[in-house]
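Descriptive analysis of the structure
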Amino acid sequence: MEKLTFYALSAPEKLDRIGAYLSERLSRDVARHRYGYVCIAMEALDQLLMACHCQSINLFVESFLKMVRKLLESDKPNLQILGTNSFVKFANIEEDTPSYHRSYDFFVSRFSEMCHSSYEDPDIRTKIRMAGIKGLQGVVRKTVNDELQANIWDPQHMDKIVPSLLFNLQSGEGVESRSPSEKEKESPVELTERCFRELLGRAAYGNIKNAVTPVLMHLDNHSLWEGKTFAVRCFKIIMYSIQSQHSHLVIQQLLGHLDANSKSSATVRAGIVEVLLEAAAIAASGSVGPTVLEVFNTLLRQLRLSVDFELTGSYDPGSSMGTKIIKTHGERQLQEAVIRTIGSFANTLPTYQRSEVMLFIMGKIPVPGVHPALSSSCSGPEGTRMIQIMLLKSLVQVTAGFQTTNMLTALPSSFLEPLLSFSLTEDPEVRLLVIHILLSLIDRHDNRPKFSAISIISDISVLKLKVDKCSRQDNLFMKKHGQQLYRHIYLGCKEQSSGRQHYENLYNLLALLSMELANEEVVVDLIRLALALQDLALSTEESMPVFNRCAIHALAGAYLNLICQLTTVPAFCQHIHEVIEVRQKEAPFLLPEDIFIEGPKLPPSLEKVEGEVLFLQSKITEVLGGSGYNIDRLATPYIPQYTGKQDWAPVGMEEQERERRRQVVEKFQKAPFEEIAAHCGARTQSRSVPVYEMKFPDLCVY
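To start, this report covers the structure provided alongside it. (Residues numbered from 1 in each chain as written. Predicted model: local features only at pLDDT ≥ 70, side-chain atom pairs only at ≥ 80, totals over all residues. Heavy atoms only, no water.)

Check the secondary structure of the protein and you find 31 helices and zero strands. In the protein, the share of contacts with a sequence separation of at least 24, taken over all contacts with a separation of at least 6, comes to 73%. If you sum the accessible surface of the protein, you get close to 33800 Å²; carbon and sulfur atoms cover 54% of it. (Helix = DSSP H or I, 4+ residues; strand = E, 2+ residues; numbered from the N terminus. Contact = heavy atoms within 4.5 Å. Areas by Shrake-Rupley, 256 points an atom, 1.4 Å probe, with all protein chains shown as cover.)

Pasting the structure below:
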């Protein structure tokens, strides 16, 4: 062998003749089953190949590959493995000169076939499959960096390579019990995963699609979305192996696949959504790319379709026959998965993009008769209500953990006003979701968990609350939106369908406003609001159930107990504590501990609630006035305002406001469409001033 190698190196032009001779000998020996000679000839070919890196190696390689091919075509496993090992050695050689005419199609097909081997003896079967995987890895290494080679990324090759790898990844899933000696060796699954990662790691921007499409097809063909675990595992490998700047391409493909499967069963769609959820978490390095709103658009569309399917009971509402029976339970699970995925995507985004997404989702929430954005044509009012709830649940996910220093930019009017308008609906679930969203956005110091239940806390220092001084932006925010928020709390308490959760969350909202956004003026307004709630609970005009009246008294008491300790005015605290003590003895049903429990003991009526069990506006005004708070404002009863204007105005405002609202609603219900359109059009046009009439400061004019 040494002599032969020396001869080949000193006379490289003879290499092709040497190759041809060895190849002829080997063919003959294979035919005559003289396998010892076959091994010797192959060893000689291998060694020559490793030693000679000259211009004329190309011709020698032809003979070599012809021999490898011969071995792979044999039905003897040992020869197939021998041929594969030689091919792998060859694949690791860097060739000096490119080859224009070499084709690897046979090798891709044969190695893929070996990956699926069904040989009877399990040990030999494993060896053949592993040889197939190594062979594919060799083909990829050999061709991936050479522009002149057969393009390994073509669908015709990828559609063989990728399923072969996935088949081996999957077939080894249940085989965990291996003996210690086997554990030291690489298992087929480990080898396959390494090979798959290497393939994906080499994929350039334009090749990602061809590499991922066969994965989607394989999961479809073998119904692997339903079980989720294998599909998630595949995409975890994909997301961690590709270059991070390409992540968004995979996500785009998954979204497209979800759309393509719109009419598949809920379990398939839920599986794809789960995979998206995992992929989004990995792509968190900010590479959701240009597709941010597209992601949310697709997911929201899937929500709407799922609601339609659930309510109409058919994937094709137009047809007379229900094509498939739809399981409500499956659709519900899908909806929950979509909502979780929306949250997961949102958590990967920077603040400014998250605000955009919040506005985008808000714009999709249907308002019956006014704004039917995602409302459903075929599932009627119930469909619209379900969509509202789903989208608000999505917003709860998107706003969870949202941190912002500037409330004005985080909660622009275009978001806050429609959100608060939902708080006036009669649907208690919708109102509760609105409060959850507000709480997430306002709570910037994680104080919310400390108020999970309403109770009278005699010393709030045990709560270890984090309170910062209000910034200028916070003050501007409350100047602009404070009245809307107070009105939201007031009307939320007044709703007859409000239950224990509503009152607990409204208390949370009052508490967080006091800690996050309250300057002196806001504190005064919040105290006036609490006293107005007490008046509301006492009012004989309102036909409110006894529970709601007791709950409002308890909420106002608990809140005044909190705010008096935050203001640290001793006389104020004293008055509040005196009233609470009297309540504990004489009217425990006016305190949270007795009302916000399972099966509270309610009095038959609240006619006798007077005197010392009530907080007195005059007394509070007097003690706070002595500490420098605005007496005029404190002495003015709070009345909910429709606009964000100052609210210590004439008392008749509330009646006017009610009448105005009634007229607006009536107009939108009864007026012809053209009139409404003209009215809305006129409102928008009057705002724009022509440039030549604008008044610019002198500094801006050149």
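After that view, the rundown keeps rolling.
Where helix 11 (residues 208-221) meets helix 12 (residues 229-241), the closest approach of the two axes is 11 Å, and the angle between their N-to-C directions is 175 degrees. As summarised for this structure, helix 11 and helix 12 are arranged roughly antiparallel, according to the angle between their axes. Within the contact between the two elements, helix 11 uses Val212, Val215, Leu216 and Leu219 and helix 12 uses Phe230, Ala231, Cys234, Phe235 and Ile238. (Axes fitted to C-alpha atoms, helices over the stretch in contact; angles between N-to-C directions. Parallel < 35°, antiparallel > 145°, perpendicular 65-115°, else oblique.)

Let us now look at the pattern of salt bridges. Tallying each qualifying case throughout the model produces 24 salt bridges. The salt bridge partner of Lys236 is Glu278, with a shortest N-O separation of 3.8 Å. Taken together, the residues span a long stretch of sequence, with Lys236 in helix 12 and Glu278 in helix 14 (residues 266-282) at a distance of 42 residues. On the accessibility criterion, Glu278 (27% relative accessible area) is partly exposed. A salt bridge links Arg385 to Asp427; the shortest N-O distance between them is 2.4 Å. Of this pair, Arg385 sits in helix 18 (residues 380-399) while Asp427 is found in the loop between helix 20 (413-422) and helix 21 (428-442), placing the two residues 42 residues apart along the sequence. Asp427 gets classed as buried once you look at its relative accessible area, which sits at 15%. Among the charged side chains, a network of salt bridges with common partners joins Glu382, Arg385, Asp427 and Glu429. (Salt bridge = Lys/Arg side-chain N within 4 Å of Asp/Glu carboxyl O. Buried < 20%, exposed > 50% of the residue type's maximum accessible area, 1.4 Å probe, protein only.)

Another aspect to go through is empty space enclosed by the protein. It is the rolling of a water-molecule-sized probe over the atoms that shows where space remains empty. Applying the stated criterion across every chain, the model contains one cavity of 30 Å³ or more. For the largest cavity, the calculated volume is near 50 Å³. If you go around the largest cavity, the residues you meet are Ser423, Arg431, Ile435, His488, Gly492, Ser498, His502 and Leu506. Mapped onto the lining of the largest cavity, the elements with two or more residues apiece are helix 21, helix 22 (472-494) and helix 23 (500-516). When its residues are assigned to classes, the lining of the largest cavity shows two nonpolar, five polar and one charged. (1 Å grid on protein atoms, 1.4 Å probe; cavity = no way out; pocket = protein on both sides within 12 Å on 5 of 7 lines; lining within 4 Å. Points joined across faces, edges and corners; volume = space filled by probe spheres on them. Nonpolar A, V, L, I, M, F, W, Y, C, P; charged D, E, K, R; others polar.)

Now for the nonpolar core. Counting 210 residues, the largest nonpolar core has Phe107, Phe196, Trp225, Phe235, Leu254, Ile527 and Phe572 as its most contacted members. The contacts of Phe196, once residues within four sequence positions are left out, are Val162, Leu165, Leu166, Leu169, Val215, Ile237 and Ile238. (Core = buried A, V, L, I, M, F, W, Y, C linked by side-chain atoms within 4.5 Å.)

Not every positive phi belongs to a glycine, and Ser223 is a case in point at roughly 50 degrees. Topologically, Ser223 is positioned in the loop between helix 11 and helix 12. In this structure Ser223 comes out as partly exposed when scored by relative accessible area, which is 46%. With a phi close to 55 degrees, Asp446 is a non-glycine residue in the positive phi region. Mapped onto the fold, Asp446 is located in the loop between helix 21 and helix 22. Asp446 gets classed as partly exposed once you look at its relative accessible area, which sits at 49%.

In this section: a negative patch on the surface. Residues Glu578, Glu581, Glu586 and Glu612 make up a contiguous surface patch of negative charge. Looking at where Glu578 falls in the secondary structure, it is placed in helix 26 (residues 570-586). (Patch = residues over 30% accessible without salt bridge, like charges linked within 9 Å, V, L, I, M, F, W, Y side chains within 5 Å. Lys, Arg positive; Asp, Glu negative; His and termini not counted. Charge placed at Lys NZ, Arg CZ, Asp CG, Glu CD.)

This part takes up the packing of aromatic side chains. To describe a pair of aromatic rings, one takes the distance between the centres and the angle between the planes. For the structure shown, the criterion picks out 15 aromatic pairs. An aromatic cluster is present here, built from Phe64, Phe87, Phe90, Tyr104, Phe106, Phe107 and Phe111 joined pairwise through their rings. Looking at Lys142, its charged tip hangs above the ring of Phe90, at a distance of 4.5 Å from the centre. (Phe/Tyr/Trp six-rings, centres within 6.5 Å; stacked < 30°, edge-to-face > 60°. Lys NZ or Arg CZ within 6 Å of the ring centre and 35° of its normal.)

Below, the discussion takes up the environment of Val295. Topologically, Val295 is positioned in helix 15 (residues 292-312). For the pair Val295 and Leu254, spaced 41 residues apart in the sequence, the C-alpha separation amounts to 9.8 Å.

Looking at the element boundaries, His246 is found in the loop between helix 12 and helix 13 (247-260). We classify His246 as buried; its relative accessible area is 5%. What His246 contacts, discounting residues up to four positions off in sequence, is Ala203, Ala204, Tyr205 and Ile208.

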